[in-house]
Amino acid sequence: MTSSRTETKQGGVKGLVFNIQRYSIHDGPGIRTTVFLKGCPLRCKWCSNPESINLSQELMVRESKCDCCGKCIDACTRNAITLCDGHLHIDRLKCDLCLKCIDICSKDVIELSGTYLSVTETMEECSKDEIFYQNSGGGVTLSGGEPLYQPEFTLNVLRECKERALNTAIDTSGFASWQVVETILPYTDLVLFDIKHLDTERHKTATGVNNEIILENLRKIVSQGTSRVWVRIPVIPSFNDSETYISTLSETLGTIPAEKISLLGYHEWGKPKYAALGRDYPLNGCMPPTQEKLESLQKIMQSKGLHVTIGY
């Protein structure tokens, strides 16, 4: 359920990071720095960060920048790059990530997703925003992917944050062993916990994994009482947006006293990333829920006595 494929190099444990977003206001209270880790055990069809799924470095192609000069094709010693009808294609089975294509391209058409960073390197980037944390009540959030999929690196970053008296948060699906969760909780001020669906089979069909351990971990985390918990619900049309389901979900969450619940409407912002990775978008034709729809679901949950927000 968790992976140990965190690299250890000179200087200690290194995590595979695909983005560090500064001045973030959507991943916990205040102004935060969000560290996005690669690797996730789930395969959610609506994932807006498909580059976060695989625990490996990957090439992304931004075709809108390409002028079809062909320099990357000539530079590739594996013959992994072709150009057909104006479209650049990378055979990812042939590619050995030598990165010569990136070096030769002056348009930044091809980019590498995923960089191995030490805890020190990660904290150097996060520390640039410390003044904003102090003035806004913010801090550092580890997201992904799934931060619990790189448990050793996640633990070390959180521990270093607490040594610096920084507020910490993790954004998690909850799909990890309790041993991993229990280890990181003492260093975690806030848990942003995603709930996709209560029904085991529907959950597995949409994400690739069962939800028993997820729901069990949520109850355990809340019962521990050492970390604040915000439950986040991605609202996906025709999957978990019916009034009947939301009513049932409200009753379940009523027995799990999280600090607040957020309804996050499905969006297509990550769709171009699938093309950049050479993958098909799983939810073509799925329309985002309207504001009116989200407000109607919010009212149902509020009628059950729950503190519910729309968005973050």
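I will try to describe carefully the structure that is included in this document. (Residues numbered from 1 in each chain as written. Predicted model: local features only at pLDDT ≥ 70, side-chain atom pairs only at ≥ 80, totals over all residues. Heavy atoms only, no water.)

### A few points about the pattern of salt bridges
Selection rule: A carboxyl oxygen of Asp or Glu within 4 Å of a side-chain nitrogen of Lys or Arg is what we treat as a salt bridge. Runs of E in the DSSP output that reach at least two residues are strands. Runs of H or I that reach at least four are helices, and both are numbered from the N terminus. Exposure is judged per residue with a 1.4 Å probe applied to protein chains only, and the accessible area is read against the type maximum: over 50% gives exposed, under 20% gives buried, and values in between give partly exposed.
For the structure shown, the criterion picks out 14 salt bridges. The closest approach of N and O atoms between Arg-62 and Glu-111, which form a salt bridge, is 3.4 Å. Of the two residues, Arg-62 sits in the loop between β4 (58-61) and α1 (71-75) while Glu-111 sits in strand β7 (residues 110-113), which places them 49 residues apart along the sequence. Its relative accessible area of 24% is what places Arg-62 among the partly exposed residues.

### Here's the deal with the packing of helix α9 (residues 243-253) against helix α11 (residues 291-302)
Put simply, the rule reads: Inter-axis angles, ranging from 0 to 180 degrees, are taken between N-to-C directions of lines fitted to C-alpha atoms, where helices are fitted over the stretch in contact. Helix crossings are classified by the rotation of the near helix relative to the far one: an anticlockwise turn of less than a right angle makes the crossing left-handed, while a clockwise turn makes it right-handed. Here, residues are in contact when the closest pair of their heavy atoms is within 4.5 Å. Charged means Asp, Glu, Lys or Arg here, nonpolar means Ala, Val, Leu, Ile, Met, Phe, Trp, Tyr, Cys or Pro, and polar covers whatever is left, Gly included.
Remark: α9 packs on α11, axes separated minimally by 9 Å, with the N-to-C direction vectors making an angle of 35°. Viewed along their axes, α9 and α11 form a crossing whose handedness is right-handed. Touching Glu-243, Ile-246, Ser-247, Leu-249, Ser-250 and Leu-253 of α9 are Leu-297, Ile-300 and Met-301, all from α11. The class makeup of the residues in the contact of α9 with α11 is six nonpolar, two polar and one charged.

### Looking at a nonpolar patch on the surface
The criterion, for reference: Exposure above 30% relative accessible area and no salt bridge define the residues that can form patches, which grow by joining like charges within 9 Å and nonpolar side chains of Val, Leu, Ile, Met, Phe, Trp and Tyr within 5 Å. A 1.4 Å probe and the Shrake-Rupley method give the accessible areas. Residues count as covered only by the protein chains that appear here.
A surface patch of nonpolar side chains, amounting to about 400 Å² of accessible area, comprises Tyr-23, Ile-25, Ile-131 and Phe-132. Structurally, Tyr-23 is set in strand β2 (residues 12-24).

### Structural notes on the pairing of strand β10 (residues 167-172)
Stated formally: Note on pairing: DSSP must find at least two bridges between two strands before they are called paired. We call a crossover right-handed when, viewed with both strands directed away from the observer, the connection leading from the first strand over the helix to the second proceeds clockwise.
Across the six residues that make up β10, a large majority, five, are buried. Note that strand β9 (residues 139-143) and β10 share four bridges and pair parallel. When the sheet's bridge partners are listed, Val-140 is paired in β10 with Thr-168. The β-α-β motif built from β9, the intervening helix α5 (residues 151-163) and the parallel element β10 has right-handed crossover chirality. Two strands pair when backbone bridges link them, and β10 and strand β11 (residues 190-194) are joined in this way by four bridges, in the parallel orientation. Within the sheet, the bridge partner assigned to Ile-170 lies in β11 and is Val-191. Crossover connection from β10 via helix α6 (residues 178-184) to parallel β11: handedness right-handed.

### A short note on the side chain of Ser-118
Of note, Ser-118 is situated in strand β8 (residues 115-118). In this view, Ser-118 contacts Val-13, Lys-14 and Phe-153; residues no more than four positions away in its chain are not counted.

### Let's talk about the side chain of Ser-227
Along the polypeptide, Ser-227 turns up in the loop between α8 (212-224) and β12 (228-235). Accessibility expressed as a relative area gives 9% for Ser-227, which makes it buried. Once you skip the residues sitting within four places of it in the chain, Ser-227 turns out to touch Leu-185, Thr-188, Asp-189 and Val-191.

### A few points about α5
Residues three or four positions apart in an α-helix share a direction because the helix packs 3.6 residues into each turn. Formally: The length a helix should cover is 1.5 Å for every residue beyond the first.
The first and last C-alpha atoms of α5 sit 18 Å apart over 13 residues, in line with the 18 Å expected at 1.5 Å per residue. Of all the residues in α5, the buried ones are Pro-151, Phe-153, Thr-154, Leu-155, Val-157, Leu-158 and Cys-161. Taken from the residues just after α5, Ala-165 is the one with a positive phi, measuring 60°.

### Description of the environment of Asp-194
Stated precisely, the cut-off is as follows: Residues adjacent in sequence count toward polar contacts only when both atoms are side-chain atoms; beyond that, a polar contact is any pair of N or O atoms within 3.5 Å, and within protein one must be able to donate a hydrogen and the other to accept it.
Looking at the secondary structure, you find Asp-194 in strand β11. Each C-alpha atom of the pair Asp-194 and Ile-233 lies 5.8 Å from the other, and the pair is 39 residues apart in sequence. Setting aside anything within four residues of it in sequence, one finds Asp-194 in contact with Asp-171, Thr-172, Ser-173, Ile-214 and Arg-232. A distance of 3.4 Å separates a polar atom in the side chain of Asp-194 from a polar atom in the side chain of Lys-196.

### Concerning the environment of Ile-214
Looking at the secondary structure, you find Ile-214 in helix α8. Taking the relative accessible area as the measure of exposure, Ile-214 reaches 3% and is therefore buried. For the pair formed by Ile-214 and Phe-193, sequence separation is 21 residues and the distance between their alpha carbons is 9.2 Å.

### Some details on α8
Convention followed: It is the directions from the helix axis to the C-beta atoms that the arc portrays.
Between the first and last C-alpha of α8 there are 18 Å, a value that for 13 residues agrees with the 18 Å anticipated at 1.5 Å per step. Residues of α8 that are buried: Ile-213, Ile-214, Asn-217, Leu-218, Ile-221 and Val-222. For α8, the angular spread of the buried residues around the axis is 165°, confining them to a single face. Contacts from the buried residues of α8 go to α6, β11, α7 (200-207) and β12. Two residues or fewer past α8, Gly-225 is found with a positive phi of approximately 70°.

### Digging into the packing of aromatic side chains
Centre distance and the angle of the planes are the two values used to describe a pair of aromatic rings. Our working rule: The rule is short: rings of Phe, Tyr and Trp, with Trp giving its six-membered ring, pair when the centres are within 6.5 Å, and they are stacked under 30 degrees, edge-to-face over 60, tilted in between. Working rule: Lys NZ or Arg CZ, within 6 Å of ring centre, within 35 degrees of ring normal, means a charge sits over the ring.
Taken as a whole and judged by the stated rule, the model has four aromatic pairs. Relative to Phe-36, the ring of Phe-18 has its centre 5.6 Å away and its plane inclined at 50°; by these criteria the two rings are tilted. Of this pair, Phe-18 sits in strand β2 while Phe-36 sits in strand β3 (residues 32-37), placing them 18 residues apart in sequence. The exposure class assigned to Phe-18 is buried, which follows from its relative accessible area of 16%. Judged by centre distance (5.2 Å) and plane angle (40°), the rings of Trp-46 and Phe-239 are tilted. Taken together, the residues Trp-46 in the loop between β3 and β4 and Phe-239 in the loop between β12 and α9 connect sequence positions 193 residues apart. For Phe-239, a relative accessible area of 9% corresponds to the buried category. Its end group placed over the ring of Trp-230, Lys-260 keeps NZ or CZ at 4.1 Å from the ring centre.

Any functional reading would require information that these geometric values do not contain.
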